[in-house]
Amino acid sequence: MRISVIGCGYLGAVHAACMAKLGHEVVGIDVDERKIADLSAAQAPFYEPGLEALLQDVQETGRLSFTTDMAAAAGSEVHFICVGTPQKKGENGADLTYVDAATLSLLPYLAPGDVVVGKSTVPVGTAARLADLVAEQQPLAHLVWNPEFLREGHAVSDTLRPDRFVYGVNGGSEDHTAVAVLDEVYEAPLSSGTPRLVTDLPTAELVKTAANSFLATKISFINAMAELCEAAGADVTRLADAIGMDDRIGRKFLNAGIGFGGGCLPKDIRAFMARAGELGADQALTFLREVDAINMRRRTRVVELTRELCGGSLLGMRITVLGAAFKPESDDVRDSPALSIAAQLQLQGAVVTVTDPKALPNAARRFPELQYVENIDSAVDKADAVLLLTEWQEYRDLDPHLLRDTVSSPRILDGRNILDPGKWRSAGWQYRGLGRP
Ligand code: UDX
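Residues numbered from 1 in each chain as written. Predicted model: local features only at pLDDT ≥ 70, side-chain atom pairs only at ≥ 80, totals over all residues. Heavy atoms only, no water.

## Section: the sheet that holds strand E11 (residues 371-372)
Next, step 1: Ordered in space as E11-E10-E9-E12-E13-E14, the six strands form an open sheet in which the pairing is parallel. Two strands lie at the open edges of the sheet, namely E11 and strand E14 (430-432), each paired on one side alone.
Next, step 2: The pairing of strand E9 (residues 318-322) with strand E12 (residues 385-388) spans four bridges and is classified as parallel. Opposite Leu 322, over in E12, you have Leu 388 as the bridge partner.
Next, step 3: Helix H12 (residues 286-309) contacts E9, E12, strand E13 (411-414) and E14 of the sheet and is inclined by roughly 165 degrees relative to E13.
Next, step 4: With respect to the sheet, helix H13 (residues 337-347) is in contact with E9, strand E10 (351-355), E11 and E12, its orientation differing from that of E10 by roughly 160 degrees. (Pairing = 2+ DSSP bridges. Helix = DSSP H or I, 4+ residues; strand = E, 2+ residues; numbered from the N terminus. Contact = heavy atoms within 4.5 Å. Axes fitted to C-alpha atoms, helices over the stretch in contact; angles between N-to-C directions.)

This is the structure we're talking about:
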């Protein structure tokens, strides 16, 4: 099929490459010339495992091209809207500027039978509004909502082999013309057994925000338990192992630590609360305010624990932060708890050095006042305390004996509860986890 993908960020670039991998002829369109130049040269504009290899692989087939010219969407039968919906400045709601602009600029190129597929995370009700715009311009075209559930760091496999497809269509019927079109787009994963659900438009939009809210709630639940464990002298990691063995609960997303961040969960739960308020259903989501508060409290808690670990004062203390990305296998620092803690420590008088295998350029743009060091040995050199805040494999594998000779004082705060406390303590370290004795 001929497909256009509008927006080539974390979602769209991966989606375009994966659609070409599935055998379609794809054009990726974005207003950012640098991004388009990188992608045209089969270079990923951000770090995502497997993306660059995939771009090179499909480039050779001639089925994938990139441009800044929206006119290139003409002739495609399916148009995916993959632009961002960031949090509005100074407000909780989602900023729909990019979704609206992408849709409006696509309208003149729509032909009868075309299907516009929304993938961006939007406030419920947006799809119906955009469907009206499409119908006004081209009554024989359709708009469907097909939310994306990919995780950064696993974006390629999540796109090629998702858990499920959700198609939101006007009226919610399997017989809607666009259902067969999307089935053709996703023929390969569907034929290998990926389930798909057809719903109406608002349900499809809500599936995405509900899923992200549930994940955020799960993380904040275990972080609330971590607060209790700290007060009672219990171990939250063992508690999570034990409750996670009940398969109604499950162990995934029960890792207590410095909390969630990134370009999705924090802004999505806030936009969901804002939208519920507009719909007069704000009471239904007041618990998400608590989910958000528990999450933000983890960051303050880590600053306080670091102060304790440093003997009561942060002033002049040399602190090394391992990890700047919001999660491993990503260079994304949007709302990164690691970076926000690093900045807060610096504000409170510590001398902070940050290291990360991939995210330093993005981190330096976000917080230029921090010191960034690529090499981990140089980063920890003469440190008064080391904070492990993003669980990259190379930090999991650190040897406490070797590291001890480099630092000034062997104190470690394990913000992701991934190190073996016994091993670190017996190597002479003062170890602190979160929610652990
Ligand atoms: C999330 C959703 O998982 C994905 O389905 C959706 O499409 C986009 O938002 P992503 O933002 O890539 O994906 O990251 P995710 O793996 O969900 O992690 C989010 C945050 O939660 C990270 O900061 C991570 O470190 C944190 N987290 C995750 C925890 O603190 N504890 C856990 O147990 C799991």
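## Some remarks on empty space enclosed by the protein
Next, step 1: This model, assessed by the stated rule, comprises one cavity of 30 Å³ or more.
Next, step 2: Approximately 80 Å³ is the volume attributed to the largest cavity.
Next, step 3: Val 122, Pro 123, Thr 209, Ala 271 and Phe 272 are, among the 13 residues lining the largest cavity, the residues nearest its centre.
Next, step 4: Secondary structure elements with two or more residues in the lining of the largest cavity: helix H9 (201-232) and helix H11 (265-278). (1 Å grid on protein atoms, 1.4 Å probe; cavity = no way out; pocket = protein on both sides within 12 Å on 5 of 7 lines; lining within 4 Å. Points joined across faces, edges and corners; volume = space filled by probe spheres on them.)

## Examining the side chain of Asp 114
Next, step 1: With respect to the helices, strands and loops of the structure, Asp 114 is situated in the loop between helix H4 (97-106) and strand E5 (115-118).
Next, step 2: In this structure Asp 114 is buried but unpaired, with Arg 2 as the nearest side chain of opposite charge at 7.5 Å.
Next, step 3: One polar contact links the side chain of Asp 114 to the main-chain amide nitrogen of Ala 111, over a distance of 3.0 Å.
Next, step 4: Residues in contact with Asp 114, not counting those within four places in the same chain, are Ser 76, Glu 77, His 79, Tyr 109, Leu 140, Ala 141 and His 142. (Buried < 20%, exposed > 50% of the residue type's maximum accessible area, 1.4 Å probe, protein only. Lys, Arg positive; Asp, Glu negative; His and termini not counted. Salt bridge = Lys/Arg side-chain N within 4 Å of Asp/Glu carboxyl O. Polar contact = N/O pair within 3.5 Å; in protein donor to acceptor, adjacent residues only side chain to side chain.)

## Description of the pairing of strand E1 (residues 2-6)
Next, step 1: Across the five residues that make up E1, a large majority, four, are buried.
Next, step 2: By the bridge criterion, five bridges tie E1 to strand E2 (residues 25-29) in an arrangement that is parallel. Residue pairing for E2: Ser 4 is matched across the bridge by Val 27.
Next, step 3: Following the chain from E1 across helix H1 (residues 12-21) to the adjacent parallel E2, one finds a crossover that is right-handed.
Next, step 4: In terms of strand pairing, E1 meets strand E4 (residues 78-81) through four bridges, oriented parallel. Note on E4: the bridge partner recorded for Ile 3 is Val 78. (Right-handed = clockwise from strand over helix to strand, strands pointing away.)

## Considerations on the domain arrangement of the protein chain
Next, step 1: Here the domain parsing of the protein chain yields domain 1 (2-199), domain 2 (208-288) and domain 3 (293-432).
Next, step 2: Taking the mean C-alpha position of each, domain 1 and domain 2 sit 29 Å from one another.
Next, step 3: Listed by partner, the interface residues are 14 residues for domain 1 and 10 residues for domain 2.
Next, step 4: Of the roughly 1,000 Å² buried between domain 1 and domain 2, counting both surfaces, carbon and sulfur atoms make up 60%.
Next, step 5: Summed over the shared surface of domain 1 and domain 2, the result is zero salt bridges.
Next, step 6: Where domain 1 packs against domain 2, one counts six residue pairs in polar contact (both at pLDDT 80 or more).
Next, step 7: Considering only residue class, the side of domain 1 that touches domain 2 consists of six nonpolar, six polar and two charged. (Domains from an automatic or database assignment. Buried area = accessible area lost by both parts, 1.4 Å probe. Nonpolar A, V, L, I, M, F, W, Y, C, P; charged D, E, K, R; others polar.)

## Topic: the pairing of E9
Next, step 1: Where burial is concerned, most of E9 is hidden: four out of the five residues are buried.
Next, step 2: Examined bridge by bridge, E9 and E10 share five bridges and lie parallel to one another. Directly across from Leu 322, in E10, lies its bridge partner Thr 355.

## Describing the site of the ligand
Next, step 1: Taken together, 20 residues lie around the ligand, and Phe 149, Glu 152, Asn 255, Lys 327 and Arg 416 are the ones closest in.
Next, step 2: The contact in question runs from an oxygen atom of the ligand to an N or O atom on the backbone of Gly 261, over 3.1 Å.
Next, step 3: Surface burial for the ligand is 92%, taken as the share of its 670 Å² of free accessible area covered by protein chains.
Next, step 4: The element that contributes the greatest number of residues to the shell around the ligand is H9, accounting for four residues. (Near = heavy atom within 4 Å. Areas by Shrake-Rupley, 256 points an atom, 1.4 Å probe, with all protein chains shown as cover.)

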